[in-house]
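Observations on the three-dimensional arrangement
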Amino acid sequence: MRRDRLLLAATLTAVFTADLYFVLLPKLRDVQWRWGAWGLPGGSCPCVPGNLTVRPGPAGPWTSNGTAAAATPVTPVTPVTPAEGLSAPEAADEGSKLARLFAHPLYNIQTPPLGPEERLLQAEQLVDYYKRKVSRWERHMRFYSEAAAASNITVTERDATFDPEASWLKFHLGINRYALYSRHDPAIPKLLQDMQALSIISADYTQDEKALKGVCDCAQVVKPSGHHLKLALKMQNFGKAMFKPMRQQRDQETPEDFFYFVDFQRHNAEIAAFHLDRILDFRRVPPVVGRLVNITGEVLQVTHNEDLRSVFFTSPANNTCFFAKCLYVCKTEYAVCGRPDLLEGSLSAYLPGLSIAPRISIPNPWIRSYTFTGREEWEVNPFYCDTIKQLYPYNSGNRLLNIIDMSIFDFLMGNMDRHHYEIFTKFGDDSFLLHFDNARGFGKHSHDVLSILAPLSQCCMIKHSTLLRLQLLTQPQYRLSDLMRESLEGDPLLPVLTEPHLLALDRRLQKVLRVVQRCVRRLGEAQVITKDFVKSTDEPQTSPEADTDRKKAR
């Protein structure tokens with residue numbers, strides 16, 4: 001009997017100890033984490049970094065996108081209130097929240113001096129390159145006009161002047177190792193204004209769509225992609241923009257039976273993605289603005305592409321319409337139509353040509369299956385990231401952290417279509433990632449696809465600066481939905497996003513922070529919250545697929 005009592009007591013002690021260690025202690029740590037490290041219930045922070053400090057040396061490498069040649073001494077940023085002398089609620093009512101955000105210390109850390117190696121292009125090199133392109137354009141137009149006159153065809157001629165001080169040239173010159181543009185670059189608002197207002201002198205299919213049909217200058221194509229209608233428009237100052245027309249009304253959600261790879265591309269998603277990227281301080285999306293385009297006067301009458309001319313028609317409602325000549329949706333049922341000629345769309349600024357600023361396209365390690373039944377390894381293997389961490393270029397430097405940044409950006413938008421990413425070759429393996437092609441975002445405000453966050457949840461890593469900004473954007477005076485609403489008010493196609501999409505941003509942001517919170521509980525801050533730059537030391541040694549893609553891209 002005594003032995004039985006002793007055995008029972010030992011068993012109960014073991015059960016109690018296990019319950020204490022595995023159940024009660026984690027709950028106590030959770031409470032401590034929520035109220036201590038994050039400051040507020042639900043995983044929010046009190047708007048100042050607290051025990052998390054920013055490395056304010058090189059702003060690009062330490063607080064946003066890129067790399068640095070050498071580290072600088074670490075100095076904590078002095079916590080400040082949102083507006084000096086005001087409490088948080090009072091500050092929230094004072095003036096522009098967006099202006100207050102961009103005045104915050106996290107958005108005002110000085111970048112290092114930019115030498116030739118940190119800049120993508122030099123002024124003389126760029127201007128000479130585009131002067132040659134303008135000369136070719138003028139010769140082409142002269143020959144075209146002569147041929148049209150000989151055939152008794154009327155040609156609409158538009159005035160065009162190359163301006164070395166044009167905003168699009170300044171945008172190209174501002175691209176550097178850390179971002180597509182600096183935080184307060186005056187060329188960006190001017191570029192948005194120009195794309196919205198300048199006359200269009202030429203319209204054509206993009207090189208991507210020509211590549212799909214085998215009739216392009218493929219030296220200007222990184223990766224042929226897409227099957228939705230998009231056009232390349234040339235402005236009167238020779239700037240170029242990609243036009244994506246409206247395909248879906250603002251209040252329409254993606255049907256629940258649609259696969260992500262057959263979803264519509266939304267022009268308003270492209271516009272909103274640029275503003276979201278800027279608010280997150282990634283600055284990896286080229287400038288985008290909305291515009292009402294007269295598709296008769298500004299597309300049909302200025303294009304020199306007979307294939308493009310041939311897809312225009314007048315609908316039974318007497319509206320001017322056109323459709324794509326591509327591999328998939330190439331029928332009049334998929335046409336876009338003006339009312340009767342005006343059609344809204346997004347205009348995305350072109351990056352410098354590949355012959356002067358080469359880029360390569362690399363498959364996303366967390367690419368989805370583009371079939372009806374297939375699944376990728378990351379969808380079934382929770383330890384997939386451990387494998388990725390062993391592969392070049394994810395085994396050193398900033399690449400994997402930038403992938404995680406991109407997954408957070410995509411999750412906030414609900415974009416499941418990130419199959420590749422691009423980098424500038426000049427900046428090597430630690431180049432920031434270009435957040436191209438965001439038109440399949442903002443499709444469903446009522447549903448959050450947590451699998452988009454797989455890079456974050458599987459790798460349990462996040463940049464220190466990214467985390468601080470995400471925490472900041474949960475605060476009432478910097479609430480993400482309010483900032484997006486204010487930022488989008490500057491676009492001519494109001495409203496760019498409906499209110500449910502704006503509110504979904506706040507909900508998704510909290511879910512991102514909860515994923516980080518779980519990682520920190522499991523692994524500790526030191527392992528999860530990573531300084532923004534880790535110098536690359538490893539040489540390429542694995543991943544034959546990546547090597548093959550690089551060769552194809554070149």
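Predicted model only: the values in this text are computed from it and were never measured.

**Focus on the state of the cysteines**
Under the criterion given, the structure shown has three disulfides. Paired by a disulfide, cysteine 385 and cysteine 459 hold their sulfur atoms 1.9 Å apart. Taking the sign of the torsion about the S-S bond as the criterion, the disulfide between cysteine 385 and cysteine 459, at about 105 degrees, is right-handed. With cysteine 385 in helix H13 (residues 384-388) and cysteine 459 in helix H15 (residues 454-459), this residue pair connects regions lying 74 residues apart in the sequence. Cysteine 459 carries the same exposure label as cysteine 385, and that label is buried. Two residues share a disulfide in this structure: cysteine 460 and cysteine 519, whose sulfurs sit 2.0 Å from each other. Handedness here is read from the sign of the S-S torsion; for cysteine 460 and cysteine 519, about -75 degrees, the answer is left-handed.

**Re unusual backbone geometry**
Cis geometry is adopted by the peptide bond preceding proline 340, which originates at arginine 339 and carries an omega value of -15 degrees. Examined against the element boundaries, proline 340 turns out to sit in the loop between strand E7 (336-337) and strand E8 (342-349). Residue proline 393 is bonded to the preceding tyrosine 392 through a cis peptide linkage, with omega at 5 degrees. The backbone phi angle of phenylalanine 442 is positive, close to 55 degrees, even though this residue is not glycine. Within the fold, phenylalanine 442 resides in the loop between strand E10 (420-424) and H15. Its relative accessible area of 1% is what places phenylalanine 442 among the buried residues.

**As for the packing of helix H16 (residues 464-472) against helix H18 (residues 499-523)**
H18 packs onto H16 with a crossing angle of 135 degrees between their chain directions and a minimal axis gap of 10 Å. The orientation of H16 with respect to H18, classified from their angle, is oblique. Judged by the twist between their axes, the crossing of H16 over H18 is left-handed. Residue-level inspection shows Leu467, Leu470 and Gln471 of H16 in contact with H18, the latter providing Leu509, Val512, Leu513 and Val516.

**Structural notes on helix H7 (residues 187-197)**
Turning to H7, its buried residues number three or more, namely Ala187, Ile188, Leu191, Leu192, Asp194 and Met195. With its buried residues spanning 165 degrees around the axis, H7 presents them on a single face. On the buried face of H7, the contacting elements are helix H6 (167-174), strand E2 (231-235), strand E3 (240-245), helix H9 (267-279), strand E4 (288-294) and E8.

**Describing the sheet that holds strand E5 (residues 312-314)**
Ordered in space as E5-E6-E7, the three strands form an open sheet in which the pairing is antiparallel. Each end of this open sheet is capped by a strand with a single partner; those strands are E5 and E7. Where strand E6 (residues 320-322) meets E7, two bridges bridge the pair, whose relative direction is antiparallel. Its bridge partner being in E7, phenylalanine 322 is matched across the sheet by valine 336.

**Observations regarding the pattern of salt bridges**
Under the counting rule described, the total for this entry stands at 23 salt bridges. Of the charged contacts in the structure, one is a salt bridge between arginine 479 and aspartate 482, with a shortest N-O distance of 3.2 Å. Relative accessible area serves as the criterion here: at 30%, arginine 479 is assigned to the partly exposed category. As a salt-bridge pair, arginine 485 and aspartate 482 come within 2.8 Å of each other at their nearest N and O atoms. Of the two residues, arginine 485 and aspartate 482 are both situated in helix H17 (residues 480-488); the distance of three residues between them amounts to about one turn of the helix. Under the relative-accessibility criterion, aspartate 482 is labelled buried at 17%. One salt-bridge network, in which partners are shared between bridges, spans Lys97, Arg479, Asp482, Arg485 and Glu499.

Procedures and definitions
- Residues numbered from 1 in each chain as written.
- Predicted model: local features only at pLDDT ≥ 70, side-chain atom pairs only at ≥ 80, totals over all residues.
- Heavy atoms only, no water.
- Disulfide = S-S within 2.5 Å.
- Helix = DSSP H or I, 4+ residues; strand = E, 2+ residues; numbered from the N terminus.
- Buried < 20%, exposed > 50% of the residue type's maximum accessible area, 1.4 Å probe, protein only.
- Axes fitted to C-alpha atoms, helices over the stretch in contact; angles between N-to-C directions.
- Parallel < 35°, antiparallel > 145°, perpendicular 65-115°, else oblique.
- Left-handed = near helix turned anticlockwise from the far one by under 90°.
- Contact = heavy atoms within 4.5 Å.
- Arc of directions from axis to C-beta.
- Pairing = 2+ DSSP bridges.
- Salt bridge = Lys/Arg side-chain N within 4 Å of Asp/Glu carboxyl O.

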